[in-house]
Amino acid sequence: MAEARPTLGMLHAEARARLAQAGIEDAALDARLLVEHFTKSSRTDALVRPELEIAAPSVSALDEALARRILGMPVHRIMGQREFYGLTLGLSDETLEPRPDTEILVDLVLGEARQEGGEDRPYRILDLGTGSGAIAIALLSALPSACAIGADISEDALATARRNADMNGVGGRFVGLRSDWFSEIEGRFDFIVSNPPYIREHDWKSLSREVRDFDPRKALVGGVDGLDAYRAIAQGCHGHLATGGRVAVEIGYDQKEAVTRVFKACAFRRATAAKDLAGHNRALIFHAEKTP
Ligand SMILES: C[S@@+](CC[C@H](N)C(=O)[O-])C[C@H]1O[C@@H](n2cnc3c(N)ncnc32)[C@H](O)[C@@H]1O
């Protein structure tokens, strides 16, 4: 007689128990995300169809995923994707997992765009250090006439950003470009946006193991004082801003004044600052002192 297949309800219960037993901090949440992903089921399915039988390949994929989580791999790395600004973005070895904090930067830029001339204007956007394409793709999704260049030093990240742009229906308005900050950039932009690497060398060691082991170092570390990328961006922006153009950057929780000094030294003034949900300064907008 064929062995009965495990049900969705059983898999949820077992996954929760395995992760909790292994001391995983957010065991219930991680278990739910992994079960839903590997059984292609929804939250509603778990509630209304717990008796749903799950086929063997999904059960073994889930089993392997739980083993990885127990060994320390972050849940979104295991799934190979993460939600950002309501979009699903694929991840790869050299992409940072997009973080909710970065949504603050997207909100800030969209606020300026809406105030400025409305959502329908053909904004030209440059996303420096685009990674998975998170910021550029979120902006393109909300600004239907905009186009964006997503630049990155990593070919792997650019390939992933390309796939993500296509997957989210904005591929025709997104161009990926390998560039060391501004080295290959031509043209002028209404918005230059960036979430650059901003962790100080010294602080790398104190990041959680999940971040150190699975997020790429070059996506996170910004030199001895964490400000190297801001210097490169502030210096390069002037030749690439359209009249009235703005620069929007994400910052570390304690970098508001230091980053403002970097931009001030390059003749920019801070126009806006936004805090994250924890109350930390997280995103800044700069205007050029003189219009080009
Ligand atoms: C903090 S991650 C941000 C990724 C993505 N924009 C996000 O917000 O999730 C920084 C990105 O900068 C890229 N990067 C690092 N050094 C760079 C350089 N010299 N020129 C261009 N991009 C660089 C990294 O590869 C990485 O994708």
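Every chain's residues receive numbers from 1 upward, in the order its sequence appears when written. The model is predicted, so local features are restricted to residues of pLDDT at least 70 and side-chain atom pairs to those at 80 or more, both for listing and for counting; the totals for chains, interfaces and linings are taken over all residues. Based on all heavy atoms of the structure, the side-chain values leave hydrogens and waters out of the count.

Participant: Explain the environment of Ile 153 to me, and be specific about the residues and the numbers.
Facilitator: Strands are runs of DSSP state E lasting at least two residues, helices are runs of H or I lasting at least four, and both sets are numbered from the N terminus onward. Here Ile 153 lies in the loop between β4 (147-152) and α8 (155-167). Residue Ile 153 is classed as partly exposed on the basis of its relative accessible area, which comes to 36%. Between the alpha carbons of Ile 153 and Phe 182 there is a distance of 10 Å; along the sequence they are 29 residues apart. Summary of the burial criterion: residues with accessible area below 20% of their type's maximum are buried, those above 50% are exposed, and those between are partly exposed, where the area comes from a 1.4 Å probe applied to protein chains only.

Participant: Tell me about the UniProt feature "domain: Release factor glutamine methyltransferase N-terminal" (unreviewed entry) in the chain, and name the residues and values.
Facilitator: UniProt's feature table lists "domain: Release factor glutamine methyltransferase N-terminal" (unreviewed entry) at residues 13-80, given in the numbering used throughout. Helix makes up 71% of residues 13-80 and strand 0%. Its end C-alpha atoms lie 23 Å apart. UniProt positions are given in the numbering used here, feature names are shortened, and annotations may be inferred rather than shown by experiment.

Participant: Explain the domain arrangement of the chain residue by residue, including any values.
Facilitator: Bear in mind that the domain bounds are from an automatic or database domain assignment. You can read the domains of the chain as domain 1 (8-79) and domain 2 (93-288). Each of domain 1 and domain 2 has a C-alpha centre, and the two are 33 Å apart. Counting from both sides, the interface comprises 6 residues of domain 1 and, opposite them, 7 residues of domain 2. Simply put, the buried area is the total loss of 1.4 Å probe accessible area from both parts when two parts are fitted together. Both faces combined, the contact of domain 1 with domain 2 buries some 600 Å², and carbon together with sulfur accounts for 44% of it. Counted as salt bridges are all cases of a side-chain nitrogen of Lys or Arg within 4 Å of a carboxyl oxygen of Asp or Glu. With a closest N to O distance of 2.9 Å, Asp 215 and Arg 77 form a salt bridge. Whenever two N or O atoms come within 3.5 Å, that pair is a polar contact, provided that in protein one can donate a hydrogen and the other can accept it, and provided that, for residues adjacent in sequence, both atoms are side-chain atoms. At the junction of domain 1 and domain 2, the tally comes to 4 residue pairs in polar contact (both at pLDDT 80 or more). In this count, Pro and Cys sit with the nonpolar residues alongside Ala, Val, Leu, Ile, Met, Phe, Trp and Tyr, while Asp, Glu, Lys and Arg are called charged and the others, Gly among them, polar. Tallied by class, residues from the side of domain 1 that touches domain 2 come to 2 nonpolar, 2 polar and 2 charged. Should any heavy atoms of two residues lie within 4.5 Å, those residues are counted as being in contact.

Participant: Explain the sheet that holds strand β7 (residues 241-250) residue by residue, including any values.
Facilitator: Spatial ordering of the open sheet is given by β5-β4-β3-β6-β7-β9-β8, a layout of 7 strands whose pairing is mixed. Edge positions in the open sheet fall to β5 (174-178) and β8 (268-275), since each of these has one partner strand only. Sheet twist, expressed as the mean angle between neighbouring strand axes with direction ignored, is 20 degrees. Sheet analysis places strand β3 (residues 124-128) next to strand β6 (residues 189-194), joined by 4 bridges and oriented parallel. Paired with Asp 127 across the two strands is Val 193, which belongs to β6. Running over the sheet, α8 touches β4 and β5 and is turned about 175 degrees from β5. Paired strands are those between which DSSP finds at least two bridges. Lines fitted to the C-alpha atoms define the axes, with helices restricted to the stretch that makes contact. Angles between their N-to-C directions range from 0 to 180 degrees.

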